[in-house]
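# Reading the structure
Single-letter residue listing:
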Amino acid sequence: MNHLKTFTLLAALTALFVGIGYLLGGTTGMLIALVVAGGMNLVSYWNADKIVLKMYRAQPVDEQHPNAVVRAYVADVVQMAQGAGLPRPVIAIIPNDQPNAFATGRNPRNAAVCATTGLLDMLTRDEIRGVMAHELAHVKNRDTLTMTVTATVAGAIAALANFAMFFGGGNDDEERPGGIFGTLALMILAPMAAGLVQMAISRGREYEADRVGAEIAGDPDALASALQKIDASARRIVNPTAERNPASGQLFIINPLAGRGADNLFSTHPATGNRVKALMELGTKMGLAPRRPVFAATATTSVPSTPASPSGPWG
């Protein structure tokens, strides 16, 4: 049922894209949009992960990295991937002050997991393990292809709506199927509809990735603590790349657009408090007692089990 729901929602995104083409250019516009949508889905299948990694300037790292925090991060991802029965993913860091992480790739054999430098600076080693276990859960659940393709199509819908805004005027408005009112409607409603579809696809997958990730790391409490810290910091630290490409926000463990309140209208992520509550309940079922107090929004930590310079991993 989950796969059927996802397929239906992806079909809805494609239909929305084609419908915009019809409103902009009639039957010809619809056919062009259909061809573009088909090509875009094909390109997304093979290359969307590479596009996203390049967009965020992700830098692959390995066990030979000069920084101890990064070496610990790599070692933990490798160990957890093996324990989850997954091939070793590409492991990367993103030069960004906002603490966050995401996974991408069309299948487990072509997956990549990424953490920002801000995340490695802020969280403890256990918390980093919890976050990356969540990302490995997305890989294990084969969510990464769906999330990446959805982000690509939703981004194209937003771009097409912007095209309508800048080039929708002119003497031929009355000849278009939607006329000037149809053009105005798609400018406003199309991105909102795309956001709603993204939200429907993403929210359930986040809860499931939290559950599976907590089992992979064996520590629901660490992931709950990390989510609270990331959420509080993401509200204060703007992610410029995500702001320029808002459709990619659903890839991250916490909405990277939360630094600007207006972007949170159609959040693709569940409320962090609800996720934390579910993880705490999971920890109780697993017989694990909470090991740390609820996070205070202003707290920061460093990785305790690996030596690092006082200035953090990035100099």
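This is a predicted model, so every value here is computed, not measured.

## Digging into empty space enclosed by the protein
One pass over the full model with this rule turns up one cavity of 30 Å³ or more. Estimated volume of the largest cavity: approximately 30 Å³. In this structure, the largest cavity is lined by Val69, Ala72, Tyr73, Asp76, Leu120, Arg125 and Ile128. Elements with a minimum of two residues in the lining of the largest cavity: α2 (68-83) and α4 (125-140). Examining the composition of the lining of the largest cavity, we find that four residues originate from one element, α2, more than from any other. Looking at the lining of the largest cavity residue by residue, the class counts come to five nonpolar, no polar and two charged.

## Here's the deal with the confidence of the model for the chain
Of all residues in the chain, 62% attain a pLDDT of 70 or more, and the chain-wide mean is 77. When pLDDT is averaged over each element of the chain, α2 comes out on top at 98 and helix α5 (residues 143-167) at the bottom at 67. Contacts from residues 259-266, a stretch scored under 50 in pLDDT, to residues over four places away or in other chains number twelve contacts. Of the regions scoring below 50 in pLDDT, residues 293-315 engages in 42 contacts with residues more than four places distant in sequence or in other chains.

## Points about unusual backbone geometry
Backbone geometry places arginine 57, a non-glycine residue, at a positive phi of 55°. Within the element layout of this structure, arginine 57 appears in the loop between α1 (2-55) and β1 (59-60).

## With respect to the nonpolar core
Within the largest apolar cluster, 45 residues are counted, with the highest numbers of intra-cluster contacts made by Tyr73, Leu119, Leu120, Val131 and Met132. The element that contributes the greatest number of residues to this core is α2, accounting for eight residues. Discounting chain neighbours no more than four positions away, the residues touching leucine 119 are Gln98, Pro99, Asn100, Ala101, Ile128, Val131 and Ile230. By size, the runner-up hydrophobic cluster in this structure holds 14 residues, among which are Ala92, Ile94, Ala112 and Cys114.

## Description of the sheet that holds strand β3 (residues 101-104)
Read from one edge of the open sheet, four strands run β1-β2-β4-β3, paired in mixed fashion. Taken across any chain shown, the strands that pair with only one partner, and hence form the sheet edges, are β1 and β3. As paired strands, strand β2 (residues 90-94) and strand β4 (residues 112-116) are joined by five bridges and run parallel to one another. Each residue of the ladder has a partner; that of isoleucine 93, found in β4, is alanine 115.

## Focus: the packing of aromatic side chains
Considering all chains together, one arrives at three aromatic pairs under this definition. Ring pairs connect the aromatic residues Tyr56, Phe102 and Phe252, which therefore count as one cluster.

## Regarding helix α7 (residues 220-234)
At 3.6 residues per turn, the α-helix brings residues three or four places apart onto the same side. Taking 1.5 Å per residue, 15 residues should reach 21 Å; α7 reaches 21 Å between its end C-alpha atoms and fits that length. For α7, the tally of buried residues reaches 15 of 15 residues, placing the bulk of the element in the interior.

Reading the values: rules and limits
Residues numbered from 1 in each chain as written. Predicted model: local features only at pLDDT ≥ 70, side-chain atom pairs only at ≥ 80, totals over all residues. Heavy atoms only, no water. 1 Å grid on protein atoms, 1.4 Å probe; cavity = no way out; pocket = protein on both sides within 12 Å on 5 of 7 lines; lining within 4 Å. Points joined across faces, edges and corners; volume = space filled by probe spheres on them. Helix = DSSP H or I, 4+ residues; strand = E, 2+ residues; numbered from the N terminus. Nonpolar A, V, L, I, M, F, W, Y, C, P; charged D, E, K, R; others polar. pLDDT = per-residue confidence, 0-100. Contact = heavy atoms within 4.5 Å. Core = buried A, V, L, I, M, F, W, Y, C linked by side-chain atoms within 4.5 Å. Buried < 20%, exposed > 50% of the residue type's maximum accessible area, 1.4 Å probe, protein only. Pairing = 2+ DSSP bridges. Phe/Tyr/Trp six-rings, centres within 6.5 Å; stacked < 30°, edge-to-face > 60°. Expected span 1.5 Å × (residues − 1).

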